Amino acid sequence: MFNFDDANRKSKEAVDTALRTYSDTTRGFQAIAAEAADYSKKSFQDAVTHFETLAGVKSFEAAFELQTNFVKAYFEGLVSETTKLSEMYADLAKSAYKPYEAPIATAVAKTTRQAPTATPAAA
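Note that the structure is predicted; figures quoted are calculated from it, not measured. (Residues numbered from 1 in each chain as written. Predicted model: local features only at pLDDT ≥ 70, side-chain atom pairs only at ≥ 80, totals over all residues. Heavy atoms only, no water.)

**Examining the overall build of the chain**
Part 1 of the reasoning: The helix and strand inventory of the chain stands at two helices and zero strands.
Part 2 of the reasoning: Taking 14 Å as the expected radius of gyration for a compact globule of 123 residues, we find that the chain reaches 27 Å, considerably beyond that expectation.
Part 3 of the reasoning: Principal axes of the C-alpha set define a box for the chain whose edges measure 90 × 50 × 15 Å.
Part 4 of the reasoning: A burial count over the chain gives 11% of its 123 residues as buried.
Part 5 of the reasoning: In the chain, the share of contacts with a sequence separation of at least 24, taken over all contacts with a separation of at least 6, comes to 71%.
Part 6 of the reasoning: Approximately 10000 Å² of the chain is accessible, and the part contributed by carbon and sulfur atoms is 64%.
Part 7 of the reasoning: Across the chain, the 14 positively charged side chains and the 16 negatively charged ones have centroids separated by 8 Å. (Helix = DSSP H or I, 4+ residues; strand = E, 2+ residues; numbered from the N terminus. Rg over C-alpha atoms; globule rule 2.2 N^0.38 Å. Buried < 20%, exposed > 50% of the residue type's maximum accessible area, 1.4 Å probe, protein only. Contact = heavy atoms within 4.5 Å. Areas by Shrake-Rupley, 256 points an atom, 1.4 Å probe, with all protein chains shown as cover. Lys, Arg positive; Asp, Glu negative; His and termini not counted. Charge placed at Lys NZ, Arg CZ, Asp CG, Glu CD.)

This is the structure in structure tokens:
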């Protein structure tokens, strides 16, 4: 027999889980956006400072060395920031999936138990 109280409770749990997941996901995207904005601002400021320094250089060798060091530092910073953002996205995906992990495992277990075993067709 259909139990309305159980259905109501399950519905409430599902809605609560969805709202919690949306809230956590929103916070995660806000953190990622803030990190990206901070990096962009810092990167722009570093580039402006570099070009101001580069404009004051008197020799080609000094300019070449300054530019080489800047590009190397910029690339290392970019790789570091990209790694950090990748980890933030991975953590966001894990936290978004976490509330659904147990219900999905339960559903898969029920489906696997209920699935009939396949028998080879007689030739």
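**Some words on helix 1 (residues 4-55)**
Part 1 of the reasoning: With 52 residues, helix 1 should cover 76 Å at 1.5 Å per step; its first-to-last C-alpha distance of 76 Å lies within 8% of that length.
Part 2 of the reasoning: Of the residues making up helix 1, those classed as buried are Thr-17, Ala-18, Thr-21, Thr-25, Gly-28, Ile-32, Glu-35, Tyr-39, Ser-43 and His-50.
Part 3 of the reasoning: Where the residues of helix 1 are buried, they touch helix 2 (60-114). (Expected span 1.5 Å × (residues − 1).)

**Focus: the pattern of salt bridges**
Part 1 of the reasoning: Summed over the entire model, instances satisfying the criterion amount to seven salt bridges.
Part 2 of the reasoning: Here Glu-35 and Lys-84 are joined by a salt bridge, their closest N and O atoms 3.4 Å apart. Here Glu-35 is found in helix 1, whereas its partner Lys-84 is found in helix 2, with 49 residues between them in sequence.
Part 3 of the reasoning: Overall, Glu-35 belongs to the buried group, its relative accessible area being 17%. (Salt bridge = Lys/Arg side-chain N within 4 Å of Asp/Glu carboxyl O.)

**Topic: the packing of aromatic side chains**
A ring pair, where both rings are aromatic, is described by two values, the distance of the centres and the angle of the planes.
Part 1 of the reasoning: Using the criterion set out here, one finds four aromatic pairs in the structure.
Part 2 of the reasoning: Centroid distance Phe-29 to Tyr-89: 6.5 Å. Interplanar angle 65°. Geometry classified as edge-to-face. Of the two residues, Phe-29 is situated in helix 1 and Tyr-89 in helix 2; the sequence distance between them amounts to 60 residues.
Part 3 of the reasoning: Take Phe-29: its relative accessible area is 44%, and that puts it in the partly exposed class.
Part 4 of the reasoning: An aromatic cluster is present here, built from Phe-51, Phe-70 and Tyr-74 joined pairwise through their rings. (Phe/Tyr/Trp six-rings, centres within 6.5 Å; stacked < 30°, edge-to-face > 60°.)

**Considering the UniProt feature "domain: Phasin" (unreviewed entry) in the chain**
Part 1 of the reasoning: Sites flagged by UniProt as "domain: Phasin" (unreviewed entry) map to residues 8-102.
Part 2 of the reasoning: Regarding residues 8-102, the helix share stands at 96% and the strand share at 0%, and the terminal C-alpha atoms are separated by 19 Å. (UniProt positions renumbered as here; feature names shortened; annotations may be inferred.)

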